[in-house]
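Spelled out, the chains give:
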Amino acid sequence: MIKKTTLIIMLLFTAYSFSQTATTSLVSSTKPVKPTVLVERGPYLQSGTATRVIVKWRTNLATESVVNYGTELGALAMNKTSSNVTKEHEVTLSGLKANTKYYFNIGNKKGVLSESVTGDMYVITAPNIGTKQFVRAWILGDAGTGNNNQRAVRDAYYNYVATSPENTGKTDMMLFLGDNAYGSGKDDEYQKAFFDIYDNMLKKSVAWSCLGNHDGKSADSEKQSGPYYDIFTFPTKGQAGGIPSGTEAYYSFDYANIHFIILDSHHTNREIGGAMYNWAENDIQNTTQDWIVTLFHHPVYTKGSHDSDTEDRLIEMRENFMPMLEANGIDLVLNGHSHSYERSYFLNGHHGFSNTFNGDEMTKGGHTVGTNGHGNGKIDSDGAYQKTNEATEGAVYITTGSAGKISGGDLNHQAMFLSLNQLGSCVMEVADDGKGGQNLTVKFISENNEIEDYFTINKTGLAFNADDNKPEQNSSMVSYESHLKTLNITVNPNERLKKVKFYNSIGKLVKKSRKESISVSKLSKGLYVVEIITNINTYSESIKL
Amino acid sequence: MCNKKYIANNIKNLLLITAFLLLAIPVFAHGDLSIQIAEKTKAITKSPNNFELYYERGLLYQQHVEYNKALNDYIKSESLGNTNNDLKYSMAEVYYLSEDYNKALKFISNYLEIDSINVKAKKLEAQILFNLKAYKKSLKAYRYVINQMVDTRPEDILEYSNIILAENPNNYHDALEAIDYGLKQLGLNTLSLQLKKLEYLEASNQVKKVLEQYNYFILQYKRKEFWYYKKAKYLQKINKPKDANIALQLAAISIEQLDAKFKNTNSIIRLQTQIKNLETTLN
């Protein structure tokens, strides 16, 4: 009997090891035996864009960094090498094509250290900014326990994505909502609760994160040092879209037609007019993306293991940041911290305590939006929450901090449609609605493989970029003949043209004329204000050359 | 038989412990800091003269924002013979957080006597001195921080420039130099520093440079409507109504060219009202 058991265990281990990504170790065949270089962490992907991605990994011994990559698994024709000898490897692949799958392996100058013979180590570059296509993001809050709860939540998502009838196996990004490694976000805790758990996904999907309070125990946002800041590499100079923040504590990025704003609700000053607030306001007011999603750790609405009515960080984020984000068209707010799943109605303008929420209040900005804003947001029930070009208000707030543990709480926040003390993670999927718009759907997948909640926000009229359909820029006074690069001015019959002035995009006077037909061939492309002065009046028109 | 009973009892105990742990996990799942404090308290009960334990519990209290308790533990740790320099830093930090700046200064000075080049300590010293309105000394300490710091943040540069102006409210030259230094360190387009530069240029009446700075934002941004309006407001302020009108027109055109979904956001609706109001004032 014992022998049989041993045999079964051996067989299971053999099968398991075959199913894993192959890791090649360089073992010298000459004597004396040299120390073997082993990959201890990664590879994992950071700051992916349409043209570049950062590949990071750790080795047990200091060595050079080599990434071989290519679009065919068996022919990784390109490589990027860094001769710097290090244990912490960080290689930026640039000049990539958008929306393209690149297989890769990692190694040193002597050879490959880690590869996937089955093709499970790859990066699919982001689509060009503004592209409307299917996008799937896996959202994990407070995951970092490193225990079986976390594994069960992970496996439920893996099962979901593997059996999804459409876009099977596709995960465009992982969004971590902080507290990625308990109890203090130390390096060894990250190894156990982050890299060891999500290893397979991290080598084919770009991971983004915000700082959680537990990460913050070992990370220092003031110095941008510590494990959290060492492990992650986020864009500080707007490399992935958005406005440069100058810090990894808060930043933004674009993916397809979605703009993501990542805030630090833990260490960084949360006041209106503070550096982070000013950055976020300017960042959101500069995006032209169809969808805007923000993530930060501390939830603005929760009655889970934390209380958004009593805790300062939560109140400050709600009172200071939410009015500004809502005024600029935020669609989805993702938080963690409370170890539960709490999902709101379709909200706008509710910045008070739980007991001041009134779901029937739809005037003067909120608290809910639209005729079904107080409904469940399900397409097959109360209907999707709706945003149009005219009705731009409304966002769903999700506190989803149960990817590693649950901690109960009253779970009775009035702004929440549903509150669950349930392990799980969320998946966000953006897809065509078949009518020229898009659906943003979020599902909560429990550790038992059940979809315990889902909702959809629908946006109409996203099929084409606005500029594509703009008519010729002619007015009653100004007509532009682009083939002749000539501007024709027509004034009223009883008026006489005296002068035409051209002001460029920074308001500088760049051309004057007294003619009715004016050559603009020497003016550079851009926006102009054309001031038309007659003997009776002064008119202003605009023209885009 | 006896053995069987023993095994059965053990299994029973094991099940009871497992059941207790299963029940306890959700209860203790979040408050790990409180648990750590409780554990440390237990350890202190066993070794009441161990100054390390008091110091460690003090750190936990400090993380838990219980500054008085943290301070009591630090003082106790010191009285038991803890002469470690880290204790002095922690005491300085807690006094600073409790807004007792004189005591904070005393302890950070003690710390710096032993480790005069610690950047974190120098920064705390600068912040304490700032709150004591000893701006010249604060500036000197912060200058050291800026020169030695490896990972500078925008907030550090902003704090430094703020101290420069506290020391001399007219010293926009040095404050702007600090901002430029930050831009070189962190990236030329770092927003919060560019915004501060604009603020300082305006405050120091450097009209030409202010307009250049507005133009920087206009050229840098994809969406320009907010910046055209801000520029128009400034032009009105410096009595250039014609230029302000042009900027307002450009703002209106920029809004017109926006994708429809942005035109109806509350921020744009508010901006349109502001544009109209300013137009009325100008004309």
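Residues numbered from 1 in each chain as written. Chains lettered and ligands numbered in written order. Predicted model: local features only at pLDDT ≥ 70, side-chain atom pairs only at ≥ 80, totals over all residues. Heavy atoms only, no water.

## Things to note about the overall build of chain B
Thought 1: Of regular secondary structure, chain B possesses 16 helices and zero strands.
Thought 2: Per-residue burial over chain B gives 44% buried out of 283 residues.
Thought 3: In chain B, 47% of the contacts between residues at least 6 apart in sequence involve partners at least 24 apart.
Thought 4: A total accessible area of about 15,200 Å² is found for chain B, and carbon and sulfur atoms account for 54% of it. (Helix = DSSP H or I, 4+ residues; strand = E, 2+ residues; numbered from the N terminus. Buried < 20%, exposed > 50% of the residue type's maximum accessible area, 1.4 Å probe, protein only. Contact = heavy atoms within 4.5 Å. Areas by Shrake-Rupley, 256 points an atom, 1.4 Å probe, with all protein chains shown as cover.)

## Considerations on the overall build of chain A
Thought 1: Of the regular secondary structure elements, chain A holds six helices and 27 strands.
Thought 2: For chain A, buried positions account for 57% of its 545 residues.
Thought 3: Partitioning the intrachain contacts of chain A with sequence separation of at least 6 by distance along the chain shows that 67% fall at a separation of at least 24.
Thought 4: Only carbon and sulfur atoms are counted for the fraction: they give 49% of the accessible area of chain A, which is about 21,900 Å².

## Quick look at the packing of aromatic side chains
Thought 1: Evaluated as defined, the whole model comprises 44 aromatic pairs over all chains.
Thought 2: Pairing tyrosine 216 of chain B with phenylalanine 217 of chain B gives two aromatic rings, centres 5.1 Å apart and planes at 65 degrees, and the pair type is edge-to-face. For the residue pair tyrosine 216 of chain B and phenylalanine 217 of chain B, the accessibility class agrees, reading buried in each case.
Thought 3: Pairing tyrosine 221 of chain B with tryptophan 227 of chain B gives two aromatic rings, centres 6.0 Å apart and planes at 75 degrees, and the pair type is edge-to-face. Like tryptophan 227 of chain B, tyrosine 221 of chain B is buried.
Thought 4: We note lysine 378 of chain A situated over the ring of tyrosine 454 of chain A; from NZ or CZ to the ring centre the distance is 4.1 Å.
Thought 5: In this structure, arginine 223 of chain B is placed above the aromatic ring of phenylalanine 262 of chain B, and the distance from its NZ or CZ to the ring centre is 4.6 Å. (Phe/Tyr/Trp six-rings, centres within 6.5 Å; stacked < 30°, edge-to-face > 60°. Lys NZ or Arg CZ within 6 Å of the ring centre and 35° of its normal.)

## Concerning the interface of chain B and chain A
Thought 1: At the interface, 51 residues of chain B touch 58 residues of chain A.
Thought 2: Buried surface at the junction of chain B and chain A, summed over both partners, amounts to about 4,500 Å²; 52% is from carbon and sulfur atoms.
Thought 3: Salt-bridge contacts for aspartate 290 of chain A lead to lysine 261 of chain B; the nearest nitrogen and oxygen are separated by 2.6 Å.
Thought 4: Here chain B and chain A share 18 residue pairs in polar contact (both at pLDDT 80 or more) between them. (Buried area = accessible area lost by both parts, 1.4 Å probe. Salt bridge = Lys/Arg side-chain N within 4 Å of Asp/Glu carboxyl O. Polar contact = N/O pair within 3.5 Å; in protein donor to acceptor, adjacent residues only side chain to side chain.)

## Section: the pattern of salt bridges
Thought 1: For the structure shown, the criterion picks out 34 salt bridges over all chains.
Thought 2: The partner of glutamate 202 of chain B in a salt bridge is lysine 237 of chain B, and the shortest N-O contact between them spans 3.8 Å. Highlighted residues: glutamate 202 of chain B in helix α11 (residues 191-203) and lysine 237 of chain B in helix α13 (residues 225-237), separated in sequence by 35 residues.
Thought 3: On the basis of relative accessibility, which here comes to 19%, the residue glutamate 202 of chain B falls in the buried class.
Thought 4: Where salt bridges share partners, they join Arg41, Arg58, Glu88 and Asp187 of chain A into one cluster.

## Observations concerning helix α9 (residues 154-167) of chain B
Thought 1: Its 14 residues place the ends of α9 of chain B 20 Å apart at the C-alpha level, agreeing with the 20 Å of an ideal helix rising 1.5 Å per residue.
Thought 2: Most of α9 of chain B sits out of view: ten of its 14 residues are buried.
Thought 3: Residues of α9 of chain B that are buried make contact with α5 (275-284) of chain A together with α7 (119-131), α8 (135-148), α10 (172-186) and α11 of chain B. (Expected span 1.5 Å × (residues − 1).)

## Digging into the sheet that holds strand β13 (residues 332-335) of chain A
Residue and element names in this part refer to chain A.
Thought 1: Here we have seven strands laid out as an open sheet, ordered β10-β11-β12-β13-β16-β14-β17, and mixed in their pairing. The open sheet terminates on both sides in strands that have one partner only, identified here as β10 (251-255) and β17 (416-420). Strand-to-strand twist in this sheet, taken as the mean axis angle between neighbours without regard to direction, amounts to 15 degrees.
Thought 2: Note that strand β14 (residues 341-344) and strand β16 (residues 396-400) share three bridges and pair antiparallel. Residue pairing for β16: arginine 343 is matched across the bridge by isoleucine 398.
Thought 3: With respect to the sheet, α5 is in contact with β10, β11 (258-262) and β12 (291-295), its orientation differing from that of β11 by roughly 175 degrees. (Pairing = 2+ DSSP bridges. Axes fitted to C-alpha atoms, helices over the stretch in contact; angles between N-to-C directions.)

## Describing the pairing of strand β1 (residues 39-46) of chain A
Residue and element names in this part refer to chain A.
Thought 1: The buried fraction of β1 amounts to seven of the eight residues, a majority that puts the element mostly inside the structure.
Thought 2: The pairing of β1 with strand β2 (residues 53-70) spans five bridges and is classified as antiparallel. The residue of β2 that forms the bridge with glutamine 46 is isoleucine 54.
Thought 3: Between the end of β1 and the start of β2, which pair antiparallel, lie six residues, with serine 47 showing a positive phi angle near 45 degrees.

## Here's the deal with the confidence of the model for chain A
Residues and elements named next belong to chain A.
Thought 1: On average, residues of chain A carry a pLDDT of 90, and 90% of them reach 70 or more.
Thought 2: Throughout residues 9-30 the model reports pLDDT below 50, and contacts reaching past four residues in sequence, or to other chains, amount to 28 contacts.
Thought 3: Ignoring residues within four places in sequence, the model shows residues 464-472, a span with pLDDT below 50, making eight contacts including any to other chains. (pLDDT = per-residue confidence, 0-100.)

## Details of unusual backbone geometry
Residues and elements named next belong to chain A.
Thought 1: Here the amide bond leading from glycine 42 into proline 43 is cis, since omega sits at 5 degrees, within 30 degrees of zero.
Thought 2: Residue position: proline 43 is located in strand β1.
Thought 3: At the junction of tyrosine 182 and glycine 183, the peptide bond is cis and its omega measures out at -5 degrees in the coordinates.
Thought 4: Along the chain, the position of glycine 183 falls in the loop between β8 (173-176) and α3 (187-202).
Thought 5: Positive phi outside glycine occurs at serine 47, with the angle close to 45 degrees.
Thought 6: One can find serine 47 in the loop between β1 and β2.
Thought 7: Serine 47 sits in the buried class, given a relative accessible area of 3%.

## Let's talk about the packing of α9 of chain B against α11 of chain B
All names here are of chain B.
Thought 1: Two elements in contact, α9 and α11, have axes separated by 9 Å at closest approach and are oriented at 20 degrees. Here α9 is positioned roughly parallel relative to α11, judged by the angle of their axes. Note on packing geometry: the crossing formed by α9 with α11 is right-handed. Counted together, Pro154, Ile157, Leu158, Ser161, Asn162 and Leu165 of α9 and Ser192, Leu193, Lys196 and Tyr200 of α11 form the full contact between these two elements. (Parallel < 35°, antiparallel > 145°, perpendicular 65-115°, else oblique. Left-handed = near helix turned anticlockwise from the far one by under 90°.)

## So, the side chain of lysine 231 of chain B
Thought 1: Secondary-structure assignment places lysine 231 of chain B in helix α13.
Thought 2: Within the buried set, lysine 231 of chain B has no salt-bridge partner at all; the shortest N-O distance to an opposite charge, 7.6 Å, is to aspartate 243 of chain B.
Thought 3: When residues no more than four places from it in sequence are discounted, the contact partners of lysine 231 of chain B are Ile506 of chain A together with Leu211, Tyr214, Asn215 and Ile218 of chain B. (Lys, Arg positive; Asp, Glu negative; His and termini not counted.)

## Regarding the nonpolar core
Side chains of a nonpolar character, in soluble globular proteins, are inclined to be buried together.
Thought 1: Leu175, Tyr198, Phe253, Phe260, Leu332 and Met428 of chain A are the most contacted members of the largest nonpolar core, which totals 175 residues.
Thought 2: Ignoring anything within four residues of it in the chain, the contact list for tyrosine 198 of chain A reads Trp138, Leu140, Ala143, Gln150, Arg154, Tyr158, Met174, Phe176 and Ala193 of chain A.
Thought 3: Among the nonpolar cores identified, the runner-up in size contains 22 residues, and Leu71, Met91, Tyr95 and Ala104 of chain B belong to it. (Core = buried A, V, L, I, M, F, W, Y, C linked by side-chain atoms within 4.5 Å.)

## Brief notes about the sheet that holds strand β21 (residues 478-481) of chain A
All names here are of chain A.
Thought 1: Pairing is antiparallel across the open sheet formed by three strands, whose spatial order is β21-β22-β25. Looking at strand neighbours, the two that pair on one side only are β21 and β25 (517-519), the edges of this open sheet. With strand direction ignored, the average angle separating the axes of adjacent strands in the sheet is 25 degrees.
Thought 2: Pairing between strand β22 (residues 486-489) and β25: three bridges, direction antiparallel. Bridge assignment links threonine 486 to a residue of β25, and that residue is serine 519.

## Here we look at the pairing of β12 of chain A
Residue and element names in this part refer to chain A.
Thought 1: Burial analysis of β12 places five of its five residues in the buried class, the great majority of the element.
Thought 2: The alternating pattern of β12 places Trp291, Val293 and Leu295 on one face and Ile292 and Thr294 on the opposite face, and all of these are buried.
Thought 3: Summarising the sheet, β11 and β12 pair through five bridges and their orientation is parallel. Residue pairing for β12: phenylalanine 260 is matched across the bridge by valine 293.
Thought 4: The β-α-β motif built from β11, the intervening α5 and the parallel element β12 has right-handed crossover chirality.
Thought 5: In terms of strand pairing, β12 meets β13 through three bridges, oriented parallel. Looking at the pairing, leucine 295 lines up with leucine 334 of β13.
Thought 6: Handedness of the β-α-β unit built from β12, helix α6 (residues 312-327) and β13 comes out right-handed. (Right-handed = clockwise from strand over helix to strand, strands pointing away.)

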